[in-house]
Amino acid sequence: MHVSENRLSVTHTRLLDQFRGGKPLALARAISLVENQREGFQDFLHTVLATGSRTRRIGFTGPPGAGKSSLVAELARAYRQADEHVGIVAVDPTSPYSGGALLGDRIRMNELATDPGIFIRSMATRGSLGGLAATTKEVIDLMDAFGFERVLVETVGVGQTELEITAAADTVVVVLVPESGDAIQAMKAGLMEIADVFVINKADRPGADRLLREIRQAIHLRTGHALSDVPAHHGVDLSRMMKKEATEDAPAPHEGGWQIPVLKTTAQTGEGVPELLAAIVDHRTWLEESGELVRRRRLRARGRVSDVVDRELHRLAWASPEVQDRMARGLDDIQEGRGTPYSVADTILRALLKDRGPLR
Amino acid sequence: MTESDQKIRVLVAKPGLDGHDRGAKVIASAFRDAGFEVIYTGLHQTPEMIVSAAVQEDVDVVAMSVLSGAHMTLFPRVKKLLDEAGADDVLLTGGGIIPEDDVATLEAQGIGRLFGPGTATTDAIAYIREWYASRELV
Ligand SMILES: Nc1nc2c(ncn2[C@@H]2O[C@H](COP(=O)(O)OP(=O)(O)OP(=O)(O)O)[C@@H](O)[C@H]2O)c(=O)[nH]1
Ligand SMILES: [Mg+2]
């Protein structure tokens, strides 16, 4: 693999011009290029990402119907009033039966639909687990390169452990509702580990205060300060979800830890939204002042590099005729009792590591 | 992934002021079950909202359900806005209670097939698949 701007095709060079000229259609088509991992998509990404990142990325996760899209719409509107350009990526599940998907998050964002300062893209998971589609992070990068000051990301919300969002966002907002059960369920779902901010939405419904208290207690329990007034020490353990464990590169989580706020909102009326905005600002300040932002960005970059390496290795391995050949012969061996999956895999790996020609 | 493995993306749009979207929802789920990625935006969409969503979502197809009788203004308007946005390669199709003469007039303006009430969703699915396959040969 040799990525370079010089490798862009004529079509992609034209797309790049329009992308740099701020044309929404060019962003939309660049996203499709990346989402479908079409020929040349890495060269395109390499070219547009060369300018560095400036977008503030905020993730929203939580159970189905909690009000993620409604809150995203509320926040987008507020950021627009502050004259920011806002990108939104909303992920919904692909049906495992048909491979199709019904992407319905825009329904809650209709009033933003024709604002030229807002760009909304729906993505189907296409079989990915972890709450995002395989290329969602790259799509966010495209929005970043396009010039959005703010990108809001909504995960699929089907109750998987949606850890991917911590690698995609600077700030993760976990949205719960009184109906989503008690704090124990949030703990079981792994939500305590990924939240930078907790929101109890649908505060107009009974049970919101009870859940709020439970979540606050659970946060204290988790941080080991249940019985004292010592500020909670919050270390979002990003490294755990990265493929390669971060070691020497990662500074220890900063001492003055982040206290996870637990807020109430009613997305439909906008109640509590100013407080949520303020909590996101506070978290940003903490990220910057504690050095956590640098740490997270570095971990994110590490995850991205290893994702690309994994993807390319995978592609190279299975595209190689030599590997196909050894696979075919290996399957014969297994069938005839002369080989095992391990011995065949071994010959395949040897072939791959030996023939390191030009990687494409 | 080859081009033909790609998902067909369809915006199912419900313009106008008529108050229910049962039909559009039925179509949206049928399309999903056919393996399409369907973007559904709910009721009361203006042509501007429809085109803005079609552009941002980079859909291959816009399928509009028009029962209000306003098809002669809505279809040409959406087509015009799509063209102006550079999305002239998007198929605009749809359904509603549309007299045959109107269908012919609209098709002459570059609008795709229009399906009458009671058409099986499988017909629309087959039509979109065929259109998509032939488009790739161009
Ligand atoms: N009563 C009440 N209803 C709300 C509130 N916020 C959202 N809703 C409603 O809850 C439903 C789901 O809201 P969404 O914003 O689509 O929730 P979501 O979490 O994005 O849902 P999925 O993406 O399907 O997981 C909608 O009918 C909203 O109108 C709220 O604060 N109070
Ligand atoms: Mg949603």
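A brief report on the enclosed structure follows. (Residues numbered from 1 in each chain as written. Chains lettered and ligands numbered in written order. Predicted model: local features only at pLDDT ≥ 70, side-chain atom pairs only at ≥ 80, totals over all residues. Heavy atoms only, no water.)

**A few points about the interface of chain B and chain A**
Then comes step 1: With 30 residues of chain B at the interface, the matching set in chain A holds 28 residues.
Then comes step 2: The contact between chain B and chain A buries some 2500 Å² in all, and 48% of this surface belongs to carbon and sulfur atoms.
Then comes step 3: On the chain B side of the interface with chain A, the three residues burying the most area are B:Arg32, B:Gln56 and B:Asp58, jointly 25% of the side's total.
Then comes step 4: For the pair chain B and chain A, the interface holds five salt bridges.
Then comes step 5: Put simply, A:Arg29 and B:Asp89 hold a salt bridge, and the shortest N to O gap is 3.1 Å.
Then comes step 6: At the surface where chain B touches chain A, the tally comes to 22 residue pairs in polar contact (both at pLDDT 80 or more).
Then comes step 7: Those elements giving two or more residues to the side of chain B that touches chain A turn out to be helix 1 (22-33), strand 2 (37-40) and helix 2 (47-56) of chain B.
Then comes step 8: It is helix 2 of chain B that contributes the most residues to the side of chain B that touches chain A, six residues altogether.
Then comes step 9: Of the residues in the side of chain B that touches chain A, the class split is twelve nonpolar, eight polar and ten charged. (Contact = heavy atoms within 4.5 Å. Buried area = accessible area lost by both parts, 1.4 Å probe. Salt bridge = Lys/Arg side-chain N within 4 Å of Asp/Glu carboxyl O. Polar contact = N/O pair within 3.5 Å; in protein donor to acceptor, adjacent residues only side chain to side chain. Helix = DSSP H or I, 4+ residues; strand = E, 2+ residues; numbered from the N terminus. Nonpolar A, V, L, I, M, F, W, Y, C, P; charged D, E, K, R; others polar.)

**Remarks on the sheet that holds strand 4 (residues 91-96) of chain B**
Strands belonging to one sheet form pairs held by backbone hydrogen bonds; the direction of such a pair is parallel or antiparallel.
Then comes step 1: If you trace the six strands from one edge of the open sheet to the other, you get 3(A)-2(B)-1(B)-3(B)-4(B)-5(B), paired in parallel fashion. Of all the strands in the sheet, just strand 3 (101-103) of chain A together with strand 5 (114-115) of chain B have a single pairing partner and so form its edges.
Then comes step 2: Bridge analysis of strand 3 (residues 61-66) of chain B against strand 4 of chain B gives six bridges, and the strand direction is parallel. Bridging from a neighbouring strand, B:Val66 pairs with B:Gly96 of strand 4 of chain B. (Pairing = 2+ DSSP bridges.)

**Focus: the packing of helix 3 (residues 41-49) of chain A against helix 5 (residues 136-146) of chain A**
Angle between the axes and distance between the axes are the two parameters that describe a pair of packed helices.
Residue and element names in this part refer to chain A.
Then comes step 1: Closest axis-to-axis distance for the helix 3/helix 5 pair is 9 Å, and the angle between their directions is 40°. Looking at the two axes, helix 3 sits oblique to helix 5. Crossing of helix 3 against helix 5: the hand is left-handed. Judged by residue contacts, Phe41, Phe44, Leu45, Val48 and Leu49 of helix 3 engage Glu138, Asp141, Leu142 and Ala145 from helix 5.
Then comes step 2: Taken together, the residues that form the contact of helix 3 with helix 5 break down as seven nonpolar, no polar and two charged. (Axes fitted to C-alpha atoms, helices over the stretch in contact; angles between N-to-C directions. Parallel < 35°, antiparallel > 145°, perpendicular 65-115°, else oblique. Left-handed = near helix turned anticlockwise from the far one by under 90°.)

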